[in-house]
Amino acid sequence: MQGGSPEVVGFFDHKTFSVQYVCIDTATDRCAIIDPVLDYDEKSASTGTASADAILELIRDRGLTVDWILDTHPHADHLSAAIYLQEQLDAPRGIGEHVIDVQKLWKDIYNFGDDFATDGRQWDRLFADGDTFKVGELDVRVMHSPGHTLASITYVIGDAAFVHDTLFQPDFGTARADFPGGDAATLYRSIQRILELPDATRVFTGHDYMPDGREPRWESTVGEQRARNPHLQDMDEAGYVALRNKRDAELPLPALMLAALQINTRGGRLPTPEDNGTSYLKIPMNRF
């Protein structure tokens, strides 16, 4: 396949079922970090860096140079460690340009003031659908793939597609579409576009929920998804929307959503400390 074949190292976070990635161009020892996790203990409202530090250890041990720190969307189930990693690595951070729509939506939900910018300035680059860039010598193409959120994008890096929360593993299904700004019909169309990639394209998912207690997995192929994913078999858009809406109505909201979104819409930065030096989260009561 044109564009090369990166080495992909995944790090599974058992608490949030999330996968953070290092995508490596082995020809140049340059890489991108995708969807890094900042640890968060909701009981004590304390953050930690053990998950992100595992990435730093790999980068040091392999002598890698980081070209990009990338988020696929503002996550609802974990905090982003992009700011922390940028401070350690001095690499630019990127996300899809429709993050501004998510910022505007959640600014209203949280009733943030005018000091909360909704123009995406919290990142170094906002990617549009069809944008291209490089990781080392590897070609990267951006696909806007909304539905789970307004801002979700897929990074196609060589023969690897980082599909965030659209597809899960072929034995599990697809992602929910009931968060503010989500839409099942839009998600269906985004998935169909991903499935137009070549069958051999490696698919790296943002989560794994380990059905039947199996070990975590995060890699499949477009061909495997098309052939085996239970949410995609003999399914038109109307059928998918009905399936997805029924399933989503049964799901609880992620435990960290109301904490995560006000941090992740800031690019992973904690709220500005108040005059006592402490940052505070703002929780909308009885909104959900």
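Bear in mind the structure is a predicted one, so any value in this text is a computation, not a measurement.

Draft legend 1. Layout of the pairing of strand S3 (residues 30-34). Across the five residues of S3, four count as buried, placing the element largely inside the fold. Of the strand pairs in this sheet, strand S2 (residues 18-25) and S3 are connected by five bridges, and their pairing is antiparallel. Pairing of Tyr-21 across the sheet is with Ile-34, part of S3. Count of turn residues in the S2/S3 antiparallel hairpin: four residues, of which Asp-29 carries a positive phi of about 60°. Of the strand pairs in this sheet, S3 and strand S6 (residues 65-70) are connected by five bridges, and their pairing is parallel. By the bridge assignment, Ile-34 is partnered in S6 with Leu-70.

Draft legend 2. The arrangement of the packing of aromatic side chains in detail. Going through the model one piece at a time under the given rule, you end up with 18 aromatic pairs. Measuring from centroid to centroid gives 5.4 Å for Trp-106 and Tyr-110, while their planes differ by 35°, and the two rings are tilted. Taken together, the residues Trp-106 and Tyr-110, both in helix H3 (residues 99-110) and four residues apart, mark about one turn of the helix. As far as the burial class goes, Trp-106 and Tyr-110 line up, both buried. Ring centres of Phe-162 and Phe-204 lie 5.2 Å apart, and the angle between their planes is 20°; this geometry places the pair in the stacked category. You can see Phe-162 sitting in strand S13 (residues 160-162) and its partner Phe-204 sitting in strand S14 (residues 202-204), a full 42 residues away along the chain. The exposure classification of Phe-162 matches that of Phe-204, with both residues buried. Over the face of the ring belonging to Phe-112 we find Arg-266, whose NZ or CZ atom lies 4.7 Å from the ring centre.

Draft legend 3. Broad picture of the nonpolar core. Ranked by size, the top nonpolar core spans 26 residues in total, and within it Val-22, Ile-33, Val-66, Ile-69 and Leu-85 carry the most contacts. If you list the elements that add at least two residues to this core, you get strand S1 (7-13), S2, S3, strand S4 (37-41), helix H1 (50-62), S6, helix H2 (82-89) and helix H7 (257-264). The dominant element in this core, judged by the number of residues it contributes, is H1, at five residues. Core analysis: the second largest hydrophobic core is formed by 22 residues, Tyr-21, Cys-23, Val-142 and Tyr-155 among them.

Draft legend 4. Local environment of a nonpolar patch on the surface. On the surface, a nonpolar cluster with roughly 300 Å² of combined accessible area is contributed by Leu-281, Ile-283 and Met-285. In this fold, Met-285 is placed in the segment after H7. Met-285 gets classed as exposed once you look at its relative accessible area, which sits at 67%.

Draft legend 5. View of the sheet that holds strand S5 (residues 46-48). The strand order across the open sheet formed by three strands is S5-S4-S7, and the pairing between neighbours is antiparallel. Two strands bound the open sheet, and with one partner strand each, they are S5 and strand S7 (79-80). Pairing between S4 and S5: three bridges, direction antiparallel. Within S5, the residue paired with Asp-41 across the bridge is Ser-46.

Draft legend 6. Highlighting the pairing of S1. For S1, a buried count of six out of seven residues is recorded, marking the element as mostly surrounded by other parts of the structure. Where S1 lies against S2, seven bridges are found, and the strand directions are antiparallel. Within the sheet, the bridge partner assigned to Asp-13 lies in S2 and is Ser-18. The hairpin formed by S1 and S2 contains four residues between the paired strands, and Phe-17 there has a positive phi angle of roughly 60°.

Draft legend 7. Region of interest: H1. Taking 1.5 Å as the rise per residue, H1 with 13 residues should run 18 Å; its terminal C-alpha atoms sit 18 Å apart, in good agreement. Note on H1: the residue one or two positions beyond its end, Gly-63, has a positive phi of about 65°.

Draft legend 8. Structural view of the side chain of Ser-190. Among the secondary structure elements, Ser-190 is positioned in helix H4 (residues 184-194). What makes Ser-190 buried here is its relative accessible area of 6%. If near-sequence neighbours (up to four positions away) are discounted, Ser-190 is found in contact with Ser-145 and Pro-146.

Analysis parameters
Residues numbered from 1 in each chain as written. Predicted model: local features only at pLDDT ≥ 70, side-chain atom pairs only at ≥ 80, totals over all residues. Heavy atoms only, no water. Buried < 20%, exposed > 50% of the residue type's maximum accessible area, 1.4 Å probe, protein only. Helix = DSSP H or I, 4+ residues; strand = E, 2+ residues; numbered from the N terminus. Pairing = 2+ DSSP bridges. Phe/Tyr/Trp six-rings, centres within 6.5 Å; stacked < 30°, edge-to-face > 60°. Lys NZ or Arg CZ within 6 Å of the ring centre and 35° of its normal. Core = buried A, V, L, I, M, F, W, Y, C linked by side-chain atoms within 4.5 Å. Patch = residues over 30% accessible without salt bridge, like charges linked within 9 Å, V, L, I, M, F, W, Y side chains within 5 Å. Areas by Shrake-Rupley, 256 points an atom, 1.4 Å probe, with all protein chains shown as cover. Salt bridge = Lys/Arg side-chain N within 4 Å of Asp/Glu carboxyl O. Expected span 1.5 Å × (residues − 1). Contact = heavy atoms within 4.5 Å.

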